[in-house]
Number of protein chains: 2
Amino acid sequence: MMSDLNEKFAQIGVENAPGQEARRKEEKLDIRGEPLPGIPVDFSHGDVDAHEPTPGAFEAFRKGFERGAPQAYTEYRGGRHTREDVAAKLADFAATAIDPDSELIITPGTQGALFLAMGALVGQGDKVAVVEPDYFANRKLTLFFGGEIVPVRMNFPETDMGAGLDLAGLEAAFKSGVKLFLFSNPNNPTGAIYSESEIRTIASLARHHDVALIVDELYARQIFDNRPYTHLCAQQEKPDTLITILGPSKTESLSGFRLGAAFGSPHIIDRMERLQAIVSLRAGGYSQPVLDTWFNEPHGWMEKRTAAHQAIRDDLLRILRSTDGVKVRTTEGGSYLFIQLPPMDVSMQDFVKITRRLTGVAVTPGTEFGPGFTDWFRINFSQDHKAATEAMERVLTVFERYRSA
Amino acid sequence: MMSDLNEKFAQIGVENAPGQEARRKEEKLDIRGEPLPGIPVDFSHGDVDAHEPTPGAFEAFRKGFERGAPQAYTEYRGGRHTREDVAAKLADFAATAIDPDSELIITPGTQGALFLAMGALVGQGDKVAVVEPDYFANRKLTLFFGGEIVPVRMNFPETDMGAGLDLAGLEAAFKSGVKLFLFSNPNNPTGAIYSESEIRTIASLARHHDVALIVDELYARQIFDNRPYTHLCAQQEKPDTLITILGPSKTESLSGFRLGAAFGSPHIIDRMERLQAIVSLRAGGYSQPVLDTWFNEPHGWMEKRTAAHQAIRDDLLRILRSTDGVKVRTTEGGSYLFIQLPPMDVSMQDFVKITRRLTGVAVTPGTEFGPGFTDWFRINFSQDHKAATEAMERVLTVFERYRSA
């Protein structure tokens, strides 16, 4: 019975996923030298103790709990009041119009939104264009729903004019019968932001070739160096089927409440609600009012948070770039750095395990973001500033023990 | 592109689902007589204001929030401490052994557990045996994952010796190549409890024919009249692949926290975790400690709650049975009554809409639980006692206006 399911589930492994460190078994590794003591840092996800949840989040949850029955059992797509509030705020942020009744759904995290959007759009055998590198769940979701991945390369290290997406490759993919293109902007794992020109070209190509789009803007509020950011949904020319995803789990450190949002084409939002009804019913009822605090932070709070992350980024870039042969692109938005190491005597998979054992530091191997990234790893630098820089020093010290002669 | 997806999503409509009343559009109906004023009652789900969440639940959430980072980012299958605690309590309740490391997953509600279990077990074209009547999501999940429904009839009105499952029909279904059988016990919508003999036969047949089982025990803690309840997982002879689902959303009124649990075969729990990683990552991190209160209620609290529901049930049964021709089986466990009305001049679909308009009372049409139940409706009687009985009087008053001559 299980043969096709065995294959399907083999494709969606979680061994290297954030938060899963505790489940890994010990293995034989080529350990060189002594452990390097220091504060353990889990670079696989952000540290909400170092960068605390939005002020007022817990109180908003309390109010939801005290509201009782109407809040416990909202409509599947989220309570009306929450949808009206969130639609107005996201419409303002993304410079578009959002009908709270038909064009928005509240979900358990942005992961929930992404799952529902993919489930609503990907059928057996459908071709899905996926950026390499991009968020690891994009490929897993495509495979889970029976889709076929059509990779499109992003030449991120060679440009600072946008993300460097291979637009000719994208057009060729669209011409080959791709039904859906999904991508994160800012890009996960590189932190690259798509230029206005790239966004307009993507939107225009999608419209021309009747390709549906999912734009994951999870990190769109945390933009560094006052760079411009272009929302695809705000463009004049765009495809008929477009879903934009956002949520307060990252910059706002509200992941523990499991809240996200998706807005866009009503017929897809409708499907997403039908799917949510059998997946998990709704985003946690009492959590939903926490979205009142979203885009409603105290004056200056977001600027301060972004500046704190920019400062951590800068220190990490300085450390990384002082190491011979290490390549890294400056993060333009979000909390990720995607780092390429020079040749080593061990595989990146082993290096990640060795580093964790010797330094107490966890990083995510690059192959999670595309099969070709065998000498890359990703870090989430939303960490305690000092602990993060010290941790990176330790990682690079360990690297030198394995650098190929 | 969307033709097969159109069909798929047409099969999983939410128009008649609990909590969705607010989204329904007004229609032309055969309205007879004046509205009957009274306290509005939404019988489509329980009222957590009338039967409040377990004492200490909110404080447990607060502790989770204050614990910060480790609680926000637990392992996908749930935090270790929570799993150890829940595994011990469920093992005790269900008289079985549960390894917290490999045999348990914490999910966003029991709906989340059911979705993950079905996703882990149902592939394209797999035959799935589904009881009629049973929880409406069972059929929708089968169809969403590409399975084929093989209905098995439950002759609930004609017996008080168990649920009255057609065991010969079940065996025939298993022989015809069914891969999975899922059922709720107590049954939703009838409140019937499977006898020990029925449970043993199901377990034995599943083992003999190598059929996987999902047993939804969501209401297993709310048993009336001190009836015996038999856990399938506690049987000596049972299939290799068995998942049992439980959660605190119903009797404990904790639905607003979105918590559930599934335990059983490690290879299926492993798949469920992989799937959860792309569905919604994990049950809300801060919510997970609310499970500390589960199976840990104050002395006498569960007995009192069960007695309160038994008293509401008894009053409703008295009212229903005093109406000529109405048929209803005594609920043995859970908060549902499944009610058959004599012939009417309007369809049940219309009657449900008419009733809501004339009385402010929402009920769920029987066809949600199986295509043949065209003259049935379901209520969840976890409501304010007085409001519930008054609401039922109004529903039956409206019924008399439509009773066929």
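From a predicted model like this one, the values you see are computed outputs, not experimental measurements.

Quick word on the overall build of chain A
Reasoning step 1: When helices and strands are tallied, chain A shows twelve helices and 13 strands.
Reasoning step 2: Projected onto its principal axes, the C-alpha positions of chain A cover 60 × 50 × 50 Å.
Reasoning step 3: In chain A, which comprises 405 residues, the share counted as buried stands at 64%.
Reasoning step 4: Summarising the internal contacts of chain A: among those between residues at least 6 apart in sequence, 75% fall at separations of at least 24.
Reasoning step 5: Taken as a whole, chain A presents about 14,000 Å² of accessible surface, with 49% of it coming from carbon and sulfur.
Reasoning step 6: One way to put it: in chain A the 44 positive side-chain charges average out to a point 3 Å from where the 55 negative ones average out.

Thoughts on the packing of aromatic side chains
Aromatic ring pairs are defined here through the distance separating the ring centres and the angle between the ring planes.
Residues and elements named next belong to chain A.
Reasoning step 1: Using the criterion set out here, one finds 59 aromatic pairs over all chains in the structure.
Reasoning step 2: Relative to phenylalanine 338, the ring of phenylalanine 156 has its centre 6.0 Å away and its plane inclined at 50 degrees; by these criteria the two rings are tilted. With phenylalanine 156 in the loop between strand S4 (148-153) and helix H7 (167-175) and phenylalanine 338 in strand S10 (residues 336-340), this pair connects stretches of sequence that are 182 residues apart. By the burial criterion, phenylalanine 156 is buried, and phenylalanine 338 matches it.
Reasoning step 3: Considering the side-chain rings of phenylalanine 156 and tryptophan 376, the 5.2 Å spacing of their centres and the 65 degrees angle between planes classify their relative orientation as edge-to-face. Within this pair, whereas phenylalanine 156 is found in the loop between S4 and H7, its partner tryptophan 376 is found in strand S13 (residues 376-380), the two being separated by 220 residues in sequence.

Some points on the packing of helix H5 (residues 109-121) of chain B against helix H9 (residues 266-279) of chain B
All names here are of chain B.
Reasoning step 1: Contact geometry of H5 with H9 gives a least axis separation of 9 Å together with a crossing angle of 115 degrees. One element, H5, and the other, H9, form an angle in the roughly perpendicular class. As for the relative orientation of H5 and H9, their crossing is right-handed in sense. Residues Ala113, Phe115, Leu116, Ala117, Gly119, Ala120 and Leu121 of H5 pack against Ile268, Arg271, Met272, Leu275, Gln276 and Val279 of H9.
Reasoning step 2: Looking at the contact of H5 with H9 residue by residue, the class counts come to ten nonpolar, two polar and one charged.

Overview of the relation of the copies chain B and chain A
Reasoning step 1: Placing chain B over chain A gives an RMSD of 0.0 Å and needs a rotation angle of 180 degrees, together with 0.0 Å of translation along the axis. The symmetry that links the two subunits is that of a two-fold axis.
Reasoning step 2: Both copies contact each other with a shared surface, as 100% of the interface residues of chain B are interface residues in chain A too.

Considerations on helix H10 (residues 301-321) of chain A
Residues and elements named next belong to chain A.
Reasoning step 1: Its 21 residues place the ends of H10 30 Å apart at the C-alpha level, agreeing with the 30 Å of an ideal helix rising 1.5 Å per residue.
Reasoning step 2: For H10, every residue scored as buried is listed here: Trp301, Met302, Arg305, Thr306, His309, Ile312, Arg313, Leu316, Leu317, Ile319 and Leu320. One side of H10 holds all its buried residues, which, seen down the axis, span an arc of 160 degrees. Those residues of H10 that are exposed and aimed more than 90 degrees away from the buried face are Glu303, Lys304 and Arg318.
Reasoning step 3: For H10, the secondary structure elements touched by its buried residues are strand S9 (327-328), S10, S13 and helix H12 (385-402).

Regarding the sheet that holds S9(A)
Residue and element names in this part refer to chain A.
Reasoning step 1: Taken together, the four strands give an open sheet; going across it, the order is S9-S10-S13-S12, and neighbouring strands pair in antiparallel fashion. With partners counted over all chains shown, the strands left at the sheet margins are S9 and strand S12 (364-365), one partner each.
Reasoning step 2: As defined by bridge partners, S12 adjoins S13 across two bridges and the pair is classed as antiparallel. Bridge pairing in S13 places proline 365 opposite phenylalanine 377.

Notes on the pairing of strand S2 (residues 104-107) of chain B
Residues and elements named next belong to chain B.
Reasoning step 1: Alternating positions in S2 separate into two faces, Leu104 and Ile106 on one and Ile105 and Thr107 on the other, with burial throughout.
Reasoning step 2: As paired elements, S2 and strand S8 (residues 260-264) share four bridges and run antiparallel to each other. In the sheet register, leucine 104 faces S8, and the bridge partner there is phenylalanine 263.

Some remarks on the interface of chain B and chain A
Buried accessible area, meaning the area lost when the parts come together, often serves as the stated size of an interface.
Reasoning step 1: Every contact between the two is made by 78 residues of chain B and, on the other side, 78 residues of chain A.
Reasoning step 2: For the pair chain B and chain A, the two sides together bury roughly 6,600 Å², of which 62% comes from carbon and sulfur.
Reasoning step 3: Here chain B is connected to chain A by zero salt bridges.
Reasoning step 4: Our count for the contact surface shared by chain B and chain A stands at 16 residue pairs in polar contact (both at pLDDT 80 or more).
Reasoning step 5: Listing elements by their share of the side of chain B that touches chain A, those giving two or more residues are helix H1 (3-10), helix H2 (57-67), helix H3 (69-72), H5, helix H6 (136-144) and H9 of chain B.
Reasoning step 6: With seven residues, H9(B) is the single largest residue contributor to the side of chain B that touches chain A.
Reasoning step 7: When the residues that make up the side of chain B that touches chain A are grouped by side-chain class, the tally is 37 nonpolar, 20 polar and 21 charged.

Describing the pattern of salt bridges
Residue and element names in this part refer to chain A.
Reasoning step 1: Applying the stated criterion across every chain, the model contains 44 salt bridges over all chains.
Reasoning step 2: Salt-bridge contacts for arginine 80 lead to glutamate 84; the nearest nitrogen and oxygen are separated by 3.7 Å. Linking arginine 80 with glutamate 84, this pair stays in helix H4 (residues 80-94), spanning four residues, or about one helical turn.
Reasoning step 3: Residue arginine 80 is classed as partly exposed on the basis of its relative accessible area, which comes to 38%.
Reasoning step 4: Its relative accessible area of 40% is what places glutamate 84 among the partly exposed residues.
Reasoning step 5: Aspartate 240 is paired through a salt bridge with arginine 207; the nearest N and O atoms lie 3.3 Å apart. Of this pair, aspartate 240 sits in the loop between strand S6 (212-216) and strand S7 (242-246) while arginine 207 sits in helix H8 (residues 196-209), and the two are 33 residues apart along the sequence.
Reasoning step 6: The exposure class of aspartate 240 is exposed, given its relative accessible area of 59%.

A look at H9(B)
All names here are of chain B.
Reasoning step 1: The end-to-end C-alpha separation of H9 is 19 Å, in line with the 20 Å expected for 14 residues at 1.5 Å each.
Reasoning step 2: Summarising burial for H9: eleven of the 14 residues are buried, a large majority.
Reasoning step 3: Of all the residues in H9, the buried ones are Ile268, Ile269, Arg271, Met272, Glu273, Arg274, Leu275, Gln276, Ala277, Ile278 and Val279.

Here we look at the pairing of strand S13 (residues 376-380) of chain B
Residue and element names in this part refer to chain B.
Reasoning step 1: Within S13, five of the five residues are buried, leaving the element largely enclosed by the surrounding structure.
Reasoning step 2: Looking at chain direction, strand S10 (residues 336-340) and S13 are connected through five bridges and run antiparallel. Residue tyrosine 336 lies in a different strand from S13, and its bridge partner there is asparagine 380.

What about the domain arrangement of chain A?
Residue and element names in this part refer to chain A.
Reasoning step 1: Each domain of chain A was delimited in the assignment, giving domain 1 (3-52 + 300-402) and domain 2 (57-293).
Reasoning step 2: Taken over C-alpha atoms, the centre of domain 1 sits 25 Å from the centre of domain 2.
Reasoning step 3: Listed by partner, the interface residues are 34 residues for domain 1 and 33 residues for domain 2.
Reasoning step 4: The largest share of the area that domain 1 buries against domain 2 comes from Arg329, Glu332 and Tyr336, three residues that together contribute 24% of it.
Reasoning step 5: A salt bridge links arginine 313 to aspartate 225; the shortest N-O distance between them is 2.9 Å.
Reasoning step 6: If you look at where domain 1 meets domain 2, you find 21 residue pairs in polar contact (both at pLDDT 80 or more).
Reasoning step 7: When contributions to the side of domain 1 that touches domain 2 are tallied by element, the ones reaching two or more residues are helix H1 (3-10), H10, S10 and S13.
Reasoning step 8: Residue composition of the side of domain 1 that touches domain 2, by class: 14 nonpolar, twelve polar and eight charged.

Observations regarding the sheet that holds strand S6 (residues 212-216) of chain B
Residues and elements named next belong to chain B.
Reasoning step 1: As summarised here, the arrangement of the seven strands in space is S2-S8-S7-S6-S5-S3-S4, forming an open sheet in which the pairing is mixed. Strand pairing shows two members of the sheet lacking a second neighbour, S2 and strand S4 (148-153), which therefore form its edges. For this sheet the average axis-to-axis angle between neighbouring strands, irrespective of direction, equals 20 degrees.
Reasoning step 2: Here strand S3 (residues 127-132) pairs with strand S5 (residues 180-184) via three bridges, running parallel. For valine 130, the partnering residue across the bridge sits in S5 and is leucine 182.
Reasoning step 3: In the packing of H6 onto the sheet, the strands contacted are S3, S4 and S5, and the crossing angle to S3 comes to about 165 degrees.

About the criteria used
- Residues numbered from 1 in each chain as written.
- Chains lettered and ligands numbered in written order.
- Predicted model: local features only at pLDDT ≥ 70, side-chain atom pairs only at ≥ 80, totals over all residues.
- Heavy atoms only, no water.
- Helix = DSSP H or I, 4+ residues; strand = E, 2+ residues; numbered from the N terminus.
- Buried < 20%, exposed > 50% of the residue type's maximum accessible area, 1.4 Å probe, protein only.
- Contact = heavy atoms within 4.5 Å.
- Areas by Shrake-Rupley, 256 points an atom, 1.4 Å probe, with all protein chains shown as cover.
- Lys, Arg positive; Asp, Glu negative; His and termini not counted.
- Charge placed at Lys NZ, Arg CZ, Asp CG, Glu CD.
- Phe/Tyr/Trp six-rings, centres within 6.5 Å; stacked < 30°, edge-to-face > 60°.
- Axes fitted to C-alpha atoms, helices over the stretch in contact; angles between N-to-C directions.
- Parallel < 35°, antiparallel > 145°, perpendicular 65-115°, else oblique.
- Left-handed = near helix turned anticlockwise from the far one by under 90°.
- Nonpolar A, V, L, I, M, F, W, Y, C, P; charged D, E, K, R; others polar.
- Least-squares fit on C-alpha atoms with pLDDT ≥ 70 in both.
- Expected span 1.5 Å × (residues − 1).
- Arc of directions from axis to C-beta.
- Pairing = 2+ DSSP bridges.
- Buried area = accessible area lost by both parts, 1.4 Å probe.
- Salt bridge = Lys/Arg side-chain N within 4 Å of Asp/Glu carboxyl O.
- Polar contact = N/O pair within 3.5 Å; in protein donor to acceptor, adjacent residues only side chain to side chain.
- Domains from an automatic or database assignment.

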